[in-house]
Amino acid sequence: MKTDGGTAAAKRRAGERAATAVEDDFVVGLGTGSTAAYAIDAIGAAVADGLDVRGIPTSFQSRQRALEAGIALTSLDAVDRVDLAIDGADQVVDDPGADAHGALIKGGGGAHAREKLVDATAERFVVVVDPSKLTARFDRSVPVEVLPDAYTVVADRVRDLEGEPTLRSAKHKDGPVVTDNGNLVLDCEFDPIDDPGHLAATLSGIPGVVEHGLFVDLADTIYVGLEDGVDVRE
Ligand code: 5RP
């Protein structure tokens, strides 16, 4: 992934533009990652100017960011609706002729279980990305969150599907990444992913899988930040 200033500016544009869709009295799902963080900051700035919203964070990271931004927080069990969710993605299928158009891979931050719960519950789910995330066909690994006891069993099932699972390791210390939910993540290479919807359903059916990072038929709008503006795709 590019991390140059151009990419950061594109992420910022996408995040800030999505934040303008937040209206007074909204309950907003707050996504995880660097692009969603720009949206959280922009919502926080609007709150400082008088906007009345409540946020539902999708991770410890987005919770901290929202608290710093001054956004009042709530939870799914305390509301009767989520008006809008704004979240990033690791890849987006961008091919209007393909069945998988608009499908996402998420979970680069290991937050995809709560992200899917909140994003799928929202009346409207807006995805914020820079152009490097767009692809004609998925070619990234699919993060699969698993119960700790299940990781070898799920890994075997992924190999049965001709996938190659790798237990995600913590970058700065020994041992695996542990999610906010106390689980592990298998990053699973499938080459190719011909039918994301079918793979999504198959992965969901494996005992021990908590959630996977394939988001199919969930996104309503994609905001693609550019160097000089935002491309909005419905
Ligand atoms: C976290 C995610 C993120 O939304 C995804 O990794 C994109 O992150 P970024 O905006 O930093 O590129 O799915 O689980």
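Residues numbered from 1 in each chain as written. Predicted model: local features only at pLDDT ≥ 70, side-chain atom pairs only at ≥ 80, totals over all residues.

Going by the annotation in an unreviewed UniProt entry, the name recorded for the protein chain is Ribose-5-phosphate isomerase A, with Salinadaptatus halalkaliphilus given as the source organism. Among the UniProt annotations of the protein chain, the heading Function (unreviewed entry) holds the following wording: "Catalyzes the reversible conversion of ribose-5-phosphate to ribulose 5-phosphate." Per UniProt, the protein chain has the following entry under Sequence similarities (unreviewed entry): "Belongs to the ribose 5-phosphate isomerase family." (UniProt positions renumbered as here; feature names shortened; annotations may be inferred.)

Asker: What exactly am I supposed to notice about the nonpolar core here?
Answerer: In globular proteins that are soluble, nonpolar side chains generally tend to be buried together. Counting 60 residues, the largest nonpolar core has Ala39, Ile40, Ile43, Ile86, Val127, Val128 and Val144 as the members making the most contacts within it. The element that contributes the greatest number of residues to this core is helix H2 (residues 34-48), accounting for 7 residues. Not counting residues within four places of it along the chain, the set of residues in contact with isoleucine 40 comprises Leu30, Ser62, Arg65, Ala66, Ala69 and Ile71. (Core = buried A, V, L, I, M, F, W, Y, C linked by C-beta atoms within 7 Å. Buried ≥ 20, exposed ≤ 12 C-beta atoms within 10 Å, placed from the backbone. Helix = DSSP H or I, 4+ residues; strand = E, 2+ residues; numbered from the N terminus. Contact = placed C-beta atoms within 7 Å.)

Asker: Is there a simple way to think about the sheet that holds strand E14 (residues 221-225) in this case?
Answerer: Hydrogen bonding along the main chain pairs the strands of a sheet, whether they run parallel or antiparallel. A sheet is described by the order of its strands in space; here 7 strands give the open sequence E3-E2-E1-E4-E7-E14-E15, paired in mixed fashion. Single-partner strands in this sheet number two, and they are strand E3 (72-73) and strand E15 (230-233). Looking at chain direction, strand E1 (residues 27-30) and strand E2 (residues 54-57) are connected through 4 bridges and run parallel. Across the sheet, residue valine 28 finds its bridge partner in E2, namely glycine 55. Together, E1, strand E4 (84-87) and strand E7 (124-129) form the strand contacts of H2, whose direction differs from that of E7 by roughly 115 degrees. Across the face of the sheet, helix H3 (residues 60-69) comes into contact with E1, E2 and E3 while running at roughly 155 degrees to E2. (Pairing = 2+ DSSP bridges. Axes fitted to C-alpha atoms, helices over the stretch in contact; angles between N-to-C directions.)

Asker: Is there a simple way to explain the site of the ligand in this structure?
Answerer: Not every one of the 18 residues close to the ligand is listed here, only the nearest: Gly33, Thr35, Gly88, Gly108 and Gly109. Of all the secondary-structure elements, those providing two or more residues to the shell around the ligand are H2 and helix H4 (112-121). Sorting elements by how many residues they give to the shell around the ligand places H2 first, with 3 residues. A breakdown of the residues in the shell around the ligand according to their chemical character gives 3 nonpolar, 11 polar and 4 charged. (Near = placed C-beta within 6 Å. Nonpolar A, V, L, I, M, F, W, Y, C, P; charged D, E, K, R; others polar.)

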